[in-house]
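Spelled out, the chains give:
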There are 2 protein chains.
Amino acid sequence: MTQVYRSELTPLAFLERSAMAYPTKTAIVHGEDRFTYAEMAGQARHTASAMRASGVGEGDRVAYLCPNIPEMLVAHFAVPLLGAVLVAINTRLSPEEIRYILDHSGSKLLIGDSELLRPLDSIAGALETVEEIVAIDETGTSVPYTVTSWEQFRSRGSDEESFDWTVDDEERTIAINYTSGTTGRPKGVMYTHRGAYLNSLGEIIHSRHSPDSVYLWTLPMFHCNGWCTTWAVTAIGGTHVCLRKVDPGKIWSLIEEMGVTHLNAAPTVLISLVNHPDAQEFKDGLIVTTAGAPPSPTIIEALERLGARLIHVYGLTETYGPHTVCELQPGVEELDVGERARFLARQGVSFIIADPTRVVDDQMGDVSRDATEMGEVVMRGNNVMKGYFANPKATEEAFTGGYFHSGDVAVWHPDNYIDLRDRSKDIIISGGENISTIEVERTIVSHPAVLECAVVAVPHEKWGERPKAFVVLKEGAGASPEEIIDHVKSNLARYKAPDELDIVDELPKTSTGKVQKYVLREKEWNGHERRIH
Amino acid sequence: MTQVYRSELTPLAFLERSAMAYPTKTAIVHGEDRFTYAEMAGQARHTASAMRASGVGEGDRVAYLCPNIPEMLVAHFAVPLLGAVLVAINTRLSPEEIRYILDHSGSKLLIGDSELLRPLDSIAGALETVEEIVAIDETGTSVPYTVTSWEQFRSRGSDEESFDWTVDDEERTIAINYTSGTTGRPKGVMYTHRGAYLNSLGEIIHSRHSPDSVYLWTLPMFHCNGWCTTWAVTAIGGTHVCLRKVDPGKIWSLIEEMGVTHLNAAPTVLISLVNHPDAQEFKDGLIVTTAGAPPSPTIIEALERLGARLIHVYGLTETYGPHTVCELQPGVEELDVGERARFLARQGVSFIIADPTRVVDDQMGDVSRDATEMGEVVMRGNNVMKGYFANPKATEEAFTGGYFHSGDVAVWHPDNYIDLRDRSKDIIISGGENISTIEVERTIVSHPAVLECAVVAVPHEKWGERPKAFVVLKEGAGASPEEIIDHVKSNLARYKAPDELDIVDELPKTSTGKVQKYVLREKEWNGHERRIH
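Residues numbered from 1 in each chain as written. Chains lettered and ligands numbered in written order. Predicted model: local features only at pLDDT ≥ 70, side-chain atom pairs only at ≥ 80, totals over all residues.

## Looking at the overall build of chain A
Counting its secondary structure elements, chain A contains 18 helices and 26 strands. Relative to the compact-globule value of 24 Å for 533 residues, chain A shows a C-alpha radius of gyration of 23 Å, a close match. The principal-axis extent of the C-alpha atoms belonging to chain A is close to 70 × 60 × 50 Å. Here the contacts in chain A between residues at least 6 apart in sequence split such that 69% fall between residues at least 24 apart. (Helix = DSSP H or I, 4+ residues; strand = E, 2+ residues; numbered from the N terminus. Rg over C-alpha atoms; globule rule 2.2 N^0.38 Å. Contact = placed C-beta atoms within 7 Å.)

## Topic: the sheet that holds strand 14 (residues 308–316) of chain B
All names here are of chain B. Taken together, the nine strands give an open sheet; going across it, the order is 2-1-11-10-12-13-14-15-16, and neighbouring strands pair in mixed fashion. Looking at strand neighbours, the two that pair on one side only are strand 2 (33–36) and strand 16 (349–350), the edges of this open sheet. In the sheet, strand 14 pairs with strand 15 (residues 321–325) via four bridges, with the strands oriented antiparallel. Its bridge partner lying in strand 15, V313 is registered against V325. (Pairing = 2+ DSSP bridges.)

## Re the pairing of strand 23 (residues 433–436) of chain A
All names here are of chain A. Burial along strand 23 is two-sided: E433 and I435 facing one way and N434 and S436 facing the other are all buried. Here four bridges tie strand 22 (residues 427–430) to strand 23, and the two strands are oriented antiparallel to one another. For I428, the partnering residue across the bridge sits in strand 23 and is I435. Counted along the chain from strand 22 to the antiparallel partner strand 23, the turn is two residues long, and its residue G431 has a positive phi close to 60 degrees. (Buried ≥ 20, exposed ≤ 12 C-beta atoms within 10 Å, placed from the backbone.)

## Points about the confidence of the model for chain A
Here chain A averages 92 in pLDDT, and 97% of its residues register 70 or above. At the level of chain-chain contacts, confidence expressed as ipTM amounts to 0.88, with global pTM at 0.89. (pLDDT = per-residue confidence, 0-100.)

## Observations regarding the interface of chain A and chain B
Tallying the contact residues gives 38 residues for chain A and 38 residues for chain B. Among the residues forming the side of chain A that touches chain B, the class breakdown is 19 nonpolar, nine polar and ten charged. (Nonpolar A, V, L, I, M, F, W, Y, C, P; charged D, E, K, R; others polar.)

## Points about unusual backbone geometry
Residues and elements named next belong to chain B. The residue W227 is not glycine, and still its phi comes out positive at about 55 degrees. By the secondary structure assignment, W227 is in helix 9 (residues 224–227). Judged by C-beta crowding, with 25 C-beta atoms within 10 Å, W227 ranks as buried. Located in the positive-phi region is C228, a residue other than glycine, with phi close to 70 degrees. In this fold, C228 is placed in the loop between helix 9 and helix 10 (229–236). A residue is classified by how many C-beta atoms lie within 10 Å of it, and C228, with 28 of them, is buried.

## Describing the environment of G292 of chain B
Residues and elements named next belong to chain B. Here G292 shows up in the loop between strand 13 (286–290) and helix 13 (297–305). The spatial distance from the C-alpha of G292 to the C-alpha of E433 is 7.9 Å, given a sequence separation of 141 residues. Setting aside chain neighbours within four positions, we find G292 in contact with A266, P267, I429, G432 and G464.

## Quick word on the pairing of strand 1 (residues 26–30) of chain A
Each regular strand carries side chains that alternate between the two faces of the sheet. Residues and elements named next belong to chain A. Both strand 1 and strand 2 (residues 33–36) contribute to a ladder of four bridges, which runs antiparallel. Bridge pairing in strand 2 places I28 opposite F35. Counting the residues that bridge the hairpin from strand 1 to strand 2 gives two residues, and of these G31 lies at a positive phi of roughly 60 degrees. The pairing of strand 1 with strand 11 (residues 239–241) spans two bridges and is classified as parallel. The residue of strand 11 that forms the bridge with V29 is V241.

## A closer look at the domain arrangement of chain A
All names here are of chain A. Segmenting chain A into domains produces domain 1 (12–245) and domain 2 (433–524). With centres defined by C-alpha atoms, the gap from domain 1 to domain 2 works out at 35 Å. Of the residues lining the interface, eleven residues belong to domain 1; the matching set on domain 2 comes to eleven residues. The set of elements that each furnish at least two residues to the side of domain 1 that touches domain 2 consists of helix 4 (95–105) and strand 8 (173–180). (Domains from an automatic or database assignment.)

## Considerations on helix 14 (residues 337–344) of chain B
Residues and elements named next belong to chain B. Those residues of helix 14 that fall on the buried side of the exposure criterion are R340, A341, F343 and L344. Looking straight down helix 14, one finds that the buried residues subtend no more than 160 degrees of arc, so they occupy a single side. The outward face of helix 14, more than 90 degrees from its buried face, is lined by the exposed residues G338 and E339. (Arc of directions from axis to C-beta.)

## Let's talk about helix 1 (residues 12–21) of chain B
Residues spaced three or four apart along an α-helix point in a common direction, a consequence of the helix completing one turn every 3.6 residues. Burial of helix 1 of chain B is extensive: nine of the ten residues sit out of reach of the surface. Among the residues of helix 1 of chain B, those classed as buried are L12, A13, F14, L15, E16, R17, S18, A19 and A21 of chain B. The inward-facing, buried residues of helix 1 of chain B contact strand 16 (349–350) of chain A together with strand 1 (26–30), helix 2 (37–53), helix 3 (70–81), helix 8 (193–206) and helix 10 of chain B.

## Some remarks on the relation of the copies chain A and chain B
Aligned on chain B, chain A shows an RMSD of 0.1 Å; the corresponding rotation is 180 degrees and the shift along the axis is 0.0 Å. One copy is carried onto the other by what is essentially a two-fold rotation axis. In terms of C-alpha distance to the rotation axis, chain A has I205 of chain A as its closest residue, with the C-alpha 3.3 Å off the axis. (Least-squares fit on C-alpha atoms with pLDDT ≥ 70 in both.)

Here is the structure:
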């Protein structure tokens, strides 16, 4: 590993470089605060130093529960600088879900925003491995249990402590991102330094970042480490504009004030953006990279009218976020907006740093590239996860046949572009967030009046998809749909609860007794070309 | 190697991807010819297939002696597709130098342009390892010895033969590029698949390539594989515009006709370009990446006036071409052209994919970052060569202290930018090409009248630097400067011969008898801030 011609790939090198190349350039904007790249590197060293003094060592997991604030960004370098592993937790989860992730990941330290720590009083005392909770308090929210203040924590370390911005093996885990899978319980998707490094370069290239990039953090950093953009924008030496909450008015004022050049967002965010009264032309253009649902003609037209360029990407937590991109072909830009939207709705081709994405049949054979035969989207290569943390069985299953199985169903066009049609896994993507139907079903049947149920995705104008439940009650039992929905809300993150719940006499089943979800979906998606949205 | 989450890095994947993503897009323009990406991939398969049928196997070296024609570009994929190693030879070398490279590399096959093969009649029969010479004839030049025609050669293969666009180990050698080093004999710089892959991504990012790139081949492809741009422009799915000869009039007409967006060139080429009568504004802008000498204020001003953006990079054959880039700092674009030129003349900071470049003293300690203390520029990391082919001694020497020693002397600025001042190695860079002073000296002293000599670089308006010789004749012997220069020209590539040759009584020497070249240089460079140009 000390060869002259080989360095282990690691995103740590990106901050080291930008601190050398752009020591006085603004790396982070947050409200009135400004931090240069030299300061950002100093903060990473300081936080790593404080973690080390707090007993965090190589391979330990450090959990963060934060909105898009500078500390969350810096954690993407501070944690791996120690050789530790970052677990950035979805801030919308319920206390019970957060407890599961903290325990399952074996996190030693939890650093959270006080506003987000506050609701955890029911679990804070019952954590299996967390030894200390540190609260970052920028809102003045009190936390009703014992925590270490950020100042106390920081005072244990120093930005003078020296660290190597290197890793001894590029296949070490840099982060674990928990995602709702089909089994109901969230699974910990492991990213390697190598994968994160390469995918970051892919993000730079496909989202056309340059050192002039001013990137607005509309996408949560806990979401696939912000699709690796935490590392990518740092690598290119752009400016990160932090955003505590997605608020269209605030976004418009930051675009104007900071000269934002890039943002990543699910179509739902884009809809609220273009429909806001402050909407105005992007003076210097804006590159919008979107995923989670195909952008509609309305969105495309509205964004283009304002001077934005839309890039449609597709991927999963298991692929470090975006894995394919709908590259434009010569002539596409001249099509009318309807045709262009049809083209842009396709998931396209693999990232420059990814292996070819395939659409396969049950025997792992390629389906015909005829835009008709459906198959499962499978991926492999450097931006596919290392596996699920502490879950070899699920890893093995996901990697059947030497490829990662996305669970998404697509056709393959004659020009090699893939085009999603349905999901074979029972995952609903609502506003860019995964919802496991199985997890929701399990919660519904835990209600004493419920016999069995099925949850499917239904199309939704704003969120793309939302869960809908079909419930069979126990004989003689009684419960209203609202009661059952409330039961879900008190046990899971609220966004996972179905908006609609039909009490039915029976569920459609196969002869072997399996619920035929497609029958339920078919009815709900009548009139839609795709069975995803 | 069959892990789901790891693929060996190789530029082969770039052409595989572009053939999937852009099957019908124009990959190559050459005169009236147009080839799509599907065709380019087919040509690579076809050429690899013909090579296999001709007995070339894994690890074999295949030499190319070609101008910037499509076959030379395709070779960058065809040769590694077989697992073989590309040796792209500098077309300006003398037959004797070419013979040395062919023998030293142990090349099995030589594929050459008939115009360039023609002068090799003196060596063609005496090659140690070359089993077959294949002539690509697009000029109708006859070759005065037995060669295989390109058509004959191609007829052995087929584009139907299937190949994996993969490599089993990313640290395998993909290419060997011979460079004139201080020892006089050219050394074979080995590139790995991993290094070529990563440096290509670096080229895309720093030269801001996009799928809209139309790249004009002014830089020779034999030069560090065109600074890896052979692979990089293919990766991004841009269009390669081939160019047989650097002819400013032709360049201007191609810029106009093809909508060229990017080119790489030494300042000498840029001078001839901006001074040409056809010079006109670049309608869609032009990104010019330059290296080999710091761009002068005149060049910068002229290019900017025409609408070009200049990117100054620095590197060596041993670093896959460019290794550092003079990133712009906020505010630099507002400076006046003189100040901007002073800034842009600096070599800057490491590429995004490179390790930090250092300037060190004799003990490998960092020099002060005070813009005054001089030291040697040293590099390490993924875009440093694997070593010199079949020359472990030279490799070990070059890698002393765990870094590659560039032989270039620089100061380090407080903002971490490096700034070249002199060369410790006896290399002259003339029009972007290396000339070994030791090689020239050896040739001069082979003249019967010469006792001893010293060759140093002198500044030159057009070529940056040119060699100048100081010669002491043997007692009683007589020879004119012209005679000795002619002697050099008949033994080496003509561009290596000194323009000036002074017959002197003695050379300045140290007490131990070493020639003090700096004394000779000092006089010639009087009035210049740097000792390189």
